Amino acid sequence: MTATLPAVDVVPVASHKRGRRVAGWLPVAPLLVFVAIAFGIPALAMLNGAFTVKDQATGATSYSAANLTDSLQGAYLTALIGSVKLSAVSACIATVLGLPLAQAVVTSRFRALREAVLTASGVLANFGGVPLAFAFVATLGNAGVLTRQFGLADKGWNLYSFWGLVIVYLYFLIPLMVLTITPALDGLRSQWREAARNNGATSAQYWRHVALPVLAPSLLGGLVLLFGSAFAAYATAAAMVGSAVPLVTLQIADAISGNVLVGQENVALALSLDMVLIAGVVMAVYLPLQRRSARWLA
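Note that the coordinates shown come from a computational prediction; the quantities given were computed from them, not determined experimentally. (Residues numbered from 1 in each chain as written. Predicted model: local features only at pLDDT ≥ 70, side-chain atom pairs only at ≥ 80, totals over all residues. Heavy atoms only, no water.)

A.B. asks: Can you explain the nonpolar core? Please cite residues and give values.
C.D. replies: Core analysis: the biggest nonpolar cluster contains 58 residues, and Leu165, Tyr169, Ile181, Leu185, Leu188 and Leu247 have the highest contact counts within it. Mapped by element, the contributors of at least two residues to this core are α4 (74-106), α6 (130-140), α8 (162-186), α10 (203-232), α11 (235-240), α12 (248-257) and α13 (265-297). It is α8 that provides the largest number of residues to this core, a total of 15 residues. Residue contacts for Tyr169: discarding those within four places in its chain leaves Leu86, Ser90, Ala230, Ala233, Thr236, Ala237 and Leu247. One finds Met46, Ala50, Ala270 and Leu273 within the second-largest nonpolar core, a separate group that totals five residues. (Core = buried A, V, L, I, M, F, W, Y, C linked by side-chain atoms within 4.5 Å. Buried < 20%, exposed > 50% of the residue type's maximum accessible area, 1.4 Å probe, protein only. Helix = DSSP H or I, 4+ residues; strand = E, 2+ residues; numbered from the N terminus. Contact = heavy atoms within 4.5 Å.)

A.B. asks: Please give an account of the pattern of salt bridges that cites residues and values.
C.D. replies: Here the structure, examined in full by the defined rule, presents two salt bridges. Of the charged contacts in the structure, one is a salt bridge between Arg111 and Glu115, with a shortest N-O distance of 3.0 Å. Of this pair, Arg111 and Glu115 both sit in helix α5 (residues 111-124), separated by four residues, roughly a single helical turn. In this structure Arg111 comes out as exposed when scored by relative accessible area, which is 62%. Judged by relative accessible area, which is 40%, Glu115 ranks as partly exposed. Salt-bridge contacts for Asp186 lead to Arg114; the nearest nitrogen and oxygen are separated by 2.7 Å. One end of the pair, Asp186, is in helix α8; the other, Arg114, is in helix α5, with 72 residues separating them in the sequence. With a relative accessible area of 40%, Asp186 lands in the partly exposed category. A relative accessible area of 23% places Arg114 in the partly exposed class. (Salt bridge = Lys/Arg side-chain N within 4 Å of Asp/Glu carboxyl O.)

A.B. asks: Just give me the short version of the packing of aromatic side chains, but keep the residues and values in it.
C.D. replies: Each aromatic ring pair is described using two quantities: the centre-to-centre distance and the angle formed by the ring planes. The full count for this structure, using the stated rule, is six aromatic pairs. Aromatic side chains Tyr206 and Trp207 sit 6.0 Å apart centroid to centroid with 75° between the ring planes, which places their arrangement in the edge-to-face category. Of the residues examined, Tyr206 reaches a relative accessible area of 4% and is grouped as buried. Among the aromatic residues, those joined into a ring-pair cluster are Phe127, Phe136 and Tyr171. Over the ring of Phe162 we find Lys85; its NZ or CZ atom is 5.1 Å from the centre of that ring. (Phe/Tyr/Trp six-rings, centres within 6.5 Å; stacked < 30°, edge-to-face > 60°. Lys NZ or Arg CZ within 6 Å of the ring centre and 35° of its normal.)

Below is the structure:
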């Protein structure tokens, strides 16, 4: 007699994998819905407004690139260049100053100092807006405490200028750089320094030929991140310098509120689109640099 085996249900492998993929997407579905609503809808509205031109006489609307053309001319272009210049200068200075500060924290023997500096950096990196502007005005403004104490006004000091704004931006950019570069400094292996020392290399040669080349992707990534943070800042500059320093964020606010010209709301949206495109370029540079540094410092 031949034994009869019980029937076994066979689940197709492809169906099983498909079900597992669907189950994997379910936990992130609420986040995707939130992103679509919070970012997708405003982005579509911005795109629509940036390419919509309204006839002030008839009220008729049409699609055109006139707003984008206007956003790259005259005062708008000056403001865009001013924001790029301010962000680039602030980011470069913060990168140069933040690296040795972070290195001093990493190599410190006092764990409490490291934790205190990193905690303070986390707070200061997110401290901005009107409170930061008020703090600097009260300290280094025309009637500020330090300005009167040291007679800085007689020496040509002016907080409400390009370089004054750079100093204010450094207040939150340097802590942000410390937070950004500290994990990369932690990833530098002590064996590399010992090997360099055993081969007769000085500390300067170690940093020039070993540490800085390894840290270069992280440093450039941090620089790009600082640039983006400074480029998007608005409240601090608005509260401190107003229109004294041309910035694209201030121009967007003026265009929306009609402080300069009435009916320029769509030009403001075109300026916002310009900022989004620049931010996209920044992220396109930042992400590959982060992946490259992760391979060395993992």
